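# Breakdown of the fold
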Amino acid sequence: LFLAIRPAAVLLAFAGSGLPLRERAFLGWFGVRGIGSLYYVAVALVAGSLAVEDAQTIFWAVAACVVASIVAHGVTGTPGVRGLARRA
């Protein structure tokens, strides 16, 4: 999801927008992600339909993905913006 599906979906969604491929790729990589995951895990946990062990596993898996996303986007953010600025 991180590296392929979401970026590909964004590229397709913006195909007719007139945005250059480089900008669509930027949007695919840097778009909002973590907050949706946190919302969905909160809904699942509050619903009470999961066993405690399953709820903990899901929570920590989502937390690890959000942290990985923050690190990956933090490392690539400045170079990505600089690359777009050079093209503009």
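This text gives an overview of the structure that appears in the document. Quantities reported herein were computed from a predicted structural model and do not represent experimental measurements.

Regarding its fold elements, the protein chain presents 4 helices and 0 strands. Seen in sequence order, the protein chain has helices and strands lined up from the N terminus as α-α-α-α. When its C-alpha atoms are laid out on the principal axes, the protein chain stretches across 50 × 30 × 15 Å. Burial analysis of the protein chain (88 residues in total) assigns 18% to the buried set. Summarising the internal contacts of the protein chain: among those between residues at least 6 apart in sequence, 56% fall at separations of at least 24. For the protein chain, the accessible area works out to roughly 6300 Å², and carbon and sulfur atoms hold 71% of it.

Counted according to the given criterion, the structure contains 4 aromatic pairs. Between W29 and F30, the ring centres sit 6.4 Å apart and the planes meet at 80°, which makes this aromatic pair edge-to-face. Taking relative accessible area as the criterion, F30 reaches 26% and is therefore assigned partly exposed. Measuring from centroid to centroid gives 4.9 Å for F59 and W60, while their planes differ by 80°, and the two rings are edge-to-face. With relative accessibility at 34%, the residue F59 sits in the partly exposed group.

On to helix 2 (residues 21–30), then. Taken together, the buried positions of helix 2 are occupied by R24, G28 and W29. Buried positions in helix 2, seen along its axis, are confined to an arc of 135° and lie on one side of it. Residues of helix 2 that are buried in the fold lie against helix 1 (5–13) and helix 4 (52–87).

Time to look at a positive patch on the surface. A cluster of like positive charges, contributed by R22, R82, R86 and R87, occupies part of the molecular surface. Its location among the elements puts R86 in helix 4. Note on R86: relative accessible area 67%, which makes it exposed.

Moving on, we come to the packing of helix 3 (residues 34–47) against helix 4. Their axes nearest at 10 Å, the elements helix 3 and helix 4 cross at an angle of 170°. When the axis of helix 3 is compared with that of helix 4, the two are roughly antiparallel. For the pair helix 3 and helix 4, the contacting residues are G34, S37, L38, V41 and L45 in the first and A55, I58, F59, V62 and V66 in the second.

Another aspect to go through is the side chain of R24. Turning to its location among the elements, R24 is positioned in helix 2. Lacking a salt bridge, the buried R24 has E23 as its closest oppositely charged neighbour, with an N-O distance of 8.4 Å. Side-chain polar atoms of R24 contact the backbone oxygen of L19, separated by 3.2 Å. Those residues in contact with R24, other than ones at most four positions away along the chain, are V10, L11, F14, A15, S17 and L19.

Calculation rules
- Residues numbered from 1 in each chain as written.
- Predicted model: local features only at pLDDT ≥ 70, side-chain atom pairs only at ≥ 80, totals over all residues.
- Heavy atoms only, no water.
- Helix = DSSP H or I, 4+ residues; strand = E, 2+ residues; numbered from the N terminus.
- Buried < 20%, exposed > 50% of the residue type's maximum accessible area, 1.4 Å probe, protein only.
- Contact = heavy atoms within 4.5 Å.
- Areas by Shrake-Rupley, 256 points an atom, 1.4 Å probe, with all protein chains shown as cover.
- Phe/Tyr/Trp six-rings, centres within 6.5 Å; stacked < 30°, edge-to-face > 60°.
- Arc of directions from axis to C-beta.
- Patch = residues over 30% accessible without salt bridge, like charges linked within 9 Å, V, L, I, M, F, W, Y side chains within 5 Å.
- Salt bridge = Lys/Arg side-chain N within 4 Å of Asp/Glu carboxyl O.
- Lys, Arg positive; Asp, Glu negative; His and termini not counted.
- Charge placed at Lys NZ, Arg CZ, Asp CG, Glu CD.
- Axes fitted to C-alpha atoms, helices over the stretch in contact; angles between N-to-C directions.
- Parallel < 35°, antiparallel > 145°, perpendicular 65-115°, else oblique.
- Polar contact = N/O pair within 3.5 Å; in protein donor to acceptor, adjacent residues only side chain to side chain.

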